[in-house]
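Tertiary structure, described
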Amino acid sequence: MVFTSTSWKLKAIARRVLPPSLRRVLKHRLGKNRNTGQDIPVSSNFEVIKDEVSSEFLHGWQDRSVAERQHAAFVPLLQQMHEGNPREDFAAVAKAVQMTALKNPLIVEVGCGSGWNFEVLTHLLKRPVRYIGLDYSFAMTGLGKRCYPNTQFVVGDATALPLREEACDILLSGTVLMHVLGYREAIRESRRVTRKWCIFHTVPVLQKRSTTLLRKSAYGQPVIEVIFNEEELLDLIEQNGLILRHVLSSLPYNLEEVLQEVSKTYTYICEVV
Ligand SMILES: C[S@@+](CC[C@H](N)C(=O)[O-])C[C@H]1O[C@@H](n2cnc3c(N)ncnc32)[C@H](O)[C@@H]1O
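First, a word on scope: everything that follows refers to the structure included in this document. Since the structure is predicted, the reported quantities are computational estimates derived from the model, not experimental observations.

With that settled, the discussion passes to the overall build of the protein chain. The secondary structure content of the protein chain amounts to ten helices and ten strands. Looking at the protein chain residue by residue over its 273 residues, the buried ones come to 38%. Considering only residue pairs separated by 6 or more positions, the protein chain has 75% of its internal contacts joining residues 24 or more positions apart.

Note: α-helices contain 3.6 residues per turn, so residues at a spacing of three or four share the same orientation. For helix α5 (residues 88–99), with twelve residues, the first-to-last C-alpha span of 16 Å sits near the 16 Å given by 1.5 Å per residue. Along α5, the residues that are buried comprise Asp89, Phe90, Ala92, Val93, Ala94, Ala96 and Val97. The positive-phi residue at the C-terminal boundary of α5 is Ala101, with phi of around 60°.

Once that is clear, we can look at the site of the ligand. Close to the ligand lie 20 residues, the nearest being Trp61, Gly111, Ala158, Gly174 and Thr175. For the shell around the ligand, the per-class residue count stands at eight nonpolar, nine polar and three charged.

The element strand β1 (residues 43–48) is largely exposed, with a buried count of zero among its six residues. Here β1 runs beside strand β7 (residues 212–218); their pairing, made up of four bridges, is antiparallel. Note that in β7 the partner of Glu47 across the bridge is Arg215.

This brings us to unusual backbone geometry. Unlike most non-glycine residues, Ala101 shows phi in positive territory, near 60°. By secondary structure assignment, the location of Ala101 is in the loop between α5 and β2 (106–110).

Our focus in this paragraph is the packing of helix α4 (residues 64–82) against helix α7 (residues 138–147). It is at 8 Å that the axes of α4 and α7 come closest, and there the two elements cross at 40°. Classified by the interaxial angle, the pair formed by α4 and α7 is oblique. Every pair of crossing elements has a handedness; the one defined by α4 and α7 is right-handed. Residue-level inspection shows Arg64, Ala67 and His71 of α4 in contact with α7, the latter providing Ala139, Met140 and Leu143.

Another aspect to go through is helix α8 (residues 183–193). Every buried residue belonging to α8 is among Tyr183, Ala186, Ile187, Glu189 and Ser190, and all of these are buried. Here the buried residues of α8 occupy an arc of 165° about the axis, which is enough to place them on one side. Where α8 is buried, its residues contact β2, β5 (168–174), β6 (194–206), β8 (221–229) and α9 (230–239).

For β6, the tally of buried residues reaches eleven of 13 residues, placing the bulk of the element in the interior. Taken together, the six bridges between β5 and β6 define a ladder with parallel strand orientation. The partner of Leu172 across the bridge, within β6, is Ile199. For the handedness criterion, the β-α-β arrangement of β5, α8 and β6 is classed as right-handed. Judged from the seven bridges that link them, β6 and strand β10 (residues 264–272) form a sheet pairing that is antiparallel. Across the sheet, the residue bridging to Val205 is Lys264, located in β10. Of the strand pairs in this sheet, β6 and β8 are connected by two bridges, and their pairing is parallel. What sits directly across from Leu206, in β8, is Asn229.

Moving on, we get to the environment of Ser43. Checked against the element boundaries, Ser43 lands in strand β1. Ser43 sits in the partly exposed class, given 14 other C-beta atoms within 10 Å. For the pair Ser43 and Val223, spaced 180 residues apart in sequence, the C-alpha separation works out to 9.8 Å. If we ignore the near neighbours within four places in the chain, the residues touching Ser43 are Lys216 and Ala218.

Mapping Leu106 onto the fold places it in strand β2. Taking the number of C-beta atoms within 10 Å as the measure of exposure, Leu106 has 17 and is therefore partly exposed. Spatially, the C-alpha atoms of Leu106 and Ile132 are 7.9 Å apart, while their sequence positions differ by 26 residues. With sequence-adjacent residues up to four places away left out, Leu106 is seen in contact with Arg130, Cys168 and Asp169.

About the cut-offs
Residues numbered from 1 in each chain as written. Predicted model: local features only at pLDDT ≥ 70, side-chain atom pairs only at ≥ 80, totals over all residues. Helix = DSSP H or I, 4+ residues; strand = E, 2+ residues; numbered from the N terminus. Buried ≥ 20, exposed ≤ 12 C-beta atoms within 10 Å, placed from the backbone. Contact = placed C-beta atoms within 7 Å. Expected span 1.5 Å × (residues − 1). Near = placed C-beta within 6 Å. Nonpolar A, V, L, I, M, F, W, Y, C, P; charged D, E, K, R; others polar. Pairing = 2+ DSSP bridges. Axes fitted to C-alpha atoms, helices over the stretch in contact; angles between N-to-C directions. Parallel < 35°, antiparallel > 145°, perpendicular 65-115°, else oblique. Left-handed = near helix turned anticlockwise from the far one by under 90°. Arc of directions from axis to C-beta. Right-handed = clockwise from strand over helix to strand, strands pointing away.

Below, the structure is given as structure tokens:
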């Protein structure tokens, strides 16, 4: 938290007191933008996959550059939240945890990136949060440990979680189901390691088309994306012994141009039966 907000405060001060020419020189000298790739789009080059998925698309998120770029992209969003204007997905994840009505749950977030949802939950719920972040990228969890030194981070794959049965109260699948080819296993694993609730956060869905695989570039690296037929997704959730209790709208994500059908994202709050 200190890490992100401090760098933003410094930037704001620099913007106020330094002339643009000097700011540019300093930026270059200090290498500020070397790896943030601010000119590289978060998402681009969407294409429906009709053949085999080549393995490079399964490891794009593990590239070190992605961790740094993703982290940099979220710094202003966190700042915005601290100024009282949380983005839709931040608001949804906090509301989802609140809706479980658990007093002091242990939350494991799968696909945690550099762990900003820990900051989001602590800030929006206005209380300390028991949280463990898990990601399959060493670079993401490393960055998480640096940003939130008192929080635990673990490296692991969503399809084979390195956790015992019923290890947590809430398994938060953090905008990750859409990036996992083995999403069936990921749902099964989510259910296995939670005692009470699974939150499938910011899942892109459509209504008519069956579940569709896309490839795209995320922060400059090749990744896959699963856009779920909502009925198929809800069947899978039910087959794994979970009951859908609440649904919240999350971030707008309309890929109509690629899918010829409107897509949206929702956060599904499911209880263990
Ligand atoms: C879009 S980011 C989501 C970050 C954050 N949880 C959020 O809700 O905004 C997806 C994250 O999932 C991670 N990820 C992708 N595939 C994964 C897998 N198979 N197992 C664990 N993490 C994975 C990526 O490294 C990336 O940090």
